[in-house]
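Structure at a glance
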Amino acid sequence: MPLHLILIDALNLIRRIYAVQERPFLLNNELAENTKRQVLFNTQQGCVSALGKMLEQHQPSHALAVFDSIAPCWRYQLFPDYKKGRKKMPEHLADKLSDIQDEFMRFSVDSLVSEEDEADDLIATLAVKVALRGQNVTIVSTDKSFLSLLGPNIKVYDYFNRRYLDETYVREKFKVKPEQLVDFWTLTGDSTNKIPGVAGIGQITASALLSQYDSLAALLNAKDLKQSVMTKLHEDVDQLKLYRQLLTLKQDIPLGFNLKDLRLPLASEPE
């Protein structure tokens with residue numbers, strides 16, 4: 001059986017399922033105390049159901065659910081406004097995560113919870129490591145940052161819309177190649193993570209520039225740019241490089257385990 005690793009962006013999955021379960025019970029943006037238990041139960045059941053469907057559809061040989069660290073990651077140290085204003089996970093949901101992890105283990109799917117790393121960096125590190133061996137990886141997430149990793153051996157799957165987010169999707173949505181996405185978002189900014197980008201450069205301009213010059217590095221060294229664009233790019237090059245660093249997924253985090261630790265039993269039903 002050829003190796004196929006499925007990497008689940010766990011909080012991306014759990015928080016979206018929770019939001020669907022919570023919505024009918026919200027009153028003035030608050031969840032009544034007497035309904036929290038029911039919403040949490042429904043969320044846990046929804047996560048278990050989702051995992052079962054993933055395993056049935058993708059038939060992986062290996063699987064791992066990856067969680068963000070509780071402590072702020074390195075990006076906050078470099079850029080205090082990183083993800084500023086993002087709604088925090090409800091405390092009662094955070095307290096439920098260990099139960100959901102236990103349920104995942106019933107399917108022999110272990111959970112990786114780091115002390116200091118973002119799930120995105122952990123997933124990128126493991127995905128690239130496996131892909132470099134010529135083996136296949138499917139990342140289950142709606143987080144667009146993973147699209148920069150797309151390649152012959154790395155796929156991104158949107159569980160909620162039941163579709164692969166492939167190179168065609170990237171070209172249609174962003175008008176650039178997957179390997180240009182980090183440079184693209186460095187120019188346009190990334191509102192999800194509160195990274196501002198270059199003032200006055202939107203998606204149309206950014207995609208046109210990268211189509212002509214291929215990369216941000218080439219752009220910064222170009223001598224034939226319009227003066228207005230050159231001025232914008234060179235106004236604060238160090239800040240621009242910082243944005244790119246923040247948007248780039250790490251691929252070299254020490255993981256401390258082997259692929260054999262993630263192997264699934266032949267049956268994908270819970271024990």
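Throughout what follows, the structure given in this document is the object of discussion. Worth saying up front: this structure is predicted, and the values here are computed from it rather than measured. (Residues numbered from 1 in each chain as written. Predicted model: local features only at pLDDT ≥ 70, side-chain atom pairs only at ≥ 80, totals over all residues. Heavy atoms only, no water.)

**Thoughts on empty space enclosed by the protein**
Vacant regions in the atomic arrangement are exposed by a probe of water-molecule size rolled over the atoms. A full pass over the atoms with the stated rule returns one cavity of 30 Å³ or more. The computed volume of the largest cavity comes to approximately 30 Å³. (1 Å grid on protein atoms, 1.4 Å probe; cavity = no way out; pocket = protein on both sides within 12 Å on 5 of 7 lines; lining within 4 Å. Points joined across faces, edges and corners; volume = space filled by probe spheres on them.)

**Re the layout of surface pockets**
Here the largest pocket defines a volume of roughly 1,600 Å³. Along the wall of the largest pocket there are 45 residues; nearest its centre are Leu11, Arg15, Asp68, Lys83 and Arg86. Secondary structure elements with two or more residues in the lining of the largest pocket: helix H1 (10–22), helix H3 (74–78), helix H4 (91–94), helix H5 (97–105) and helix H12 (237–247). Looking at the lining of the largest pocket element by element, the count peaks at seven residues for H1. For the lining of the largest pocket, the per-class residue count stands at 21 nonpolar, seven polar and 17 charged. If you add up the space inside the second largest pocket, you get close to 160 Å³. Lining the second largest pocket, in full, are Gly197, Val198, Ala199, Lys232, Leu233, Glu235, Asp236, Gln239, Leu240 and Tyr243. Of all the secondary structure elements, the ones that give two or more residues to the lining of the second largest pocket are helix H11 (227–234) and H12. Here the lining of the second largest pocket is composed, by residue class, of five nonpolar, two polar and three charged. (Helix = DSSP H or I, 4+ residues; strand = E, 2+ residues; numbered from the N terminus. Nonpolar A, V, L, I, M, F, W, Y, C, P; charged D, E, K, R; others polar.)

**A look at the pairing of strand E7 (residues 154–158)**
Most of E7 sits inside the fold, with four of its five residues counted as buried. Where E7 folds back onto strand E8 (residues 163–164) in an antiparallel hairpin, the turn is made up of four residues, including arginine 162, whose phi is positive at roughly 50 degrees. (Buried < 20%, exposed > 50% of the residue type's maximum accessible area, 1.4 Å probe, protein only. Pairing = 2+ DSSP bridges.)

**What about helix H7 (residues 167–174)?**
Listing the buried residues of H7 in full gives Tyr169, Val170 and Phe174. Buried residues in H7, looked at end-on, bunch into an arc of 100 degrees, giving them a common side. Buried residues along H7 sit against E8, helix H8 (181–188) and helix H9 (203–213). Two residues or fewer after H7 comes lysine 175, characterised by a positive phi angle close to 65 degrees. (Arc of directions from axis to C-beta. Contact = heavy atoms within 4.5 Å.)

**As for the packing of aromatic side chains**
Applying the stated criterion across every chain, the model contains six aromatic pairs. With centroids separated by 5.1 Å and ring planes inclined at 80 degrees, the aromatic side chains of tyrosine 76 and tyrosine 82 adopt a geometry described as edge-to-face. Relative accessible area serves as the criterion here: at 5%, tyrosine 82 is assigned to the buried category. Centroid distance phenylalanine 174 to phenylalanine 184: 5.8 Å. Interplanar angle 70 degrees. Geometry classified as edge-to-face. With a gap of 10 residues between them, phenylalanine 174 in helix H7 and phenylalanine 184 in helix H8 connect regions that are remote in the sequence. Judged by its relative accessible area of 5%, phenylalanine 174 falls in the buried class. Residue phenylalanine 184 is classed as buried on the basis of its relative accessible area, which comes to 0%. Among the aromatic residues, those joined into a cluster by ring pairs are Phe174, Phe184 and Trp185. (Phe/Tyr/Trp six-rings, centres within 6.5 Å; stacked < 30°, edge-to-face > 60°.)

**Quick notes on the sheet that holds strand E6 (residues 136–140)**
The sheet built from six strands is open, its strands ordered E5-E4-E1-E6-E7-E8 with mixed pairing. Pairing within the sheet leaves two strands with one partner each, and these edge strands are strand E5 (110–113) and E8. Looking at chain direction, strand E1 (residues 4–9) and strand E4 (residues 62–67) are connected through five bridges and run parallel. Within E4, the position partnered with isoleucine 8 by the bridge is alanine 65.

Nothing here speaks to function; it is all geometry.
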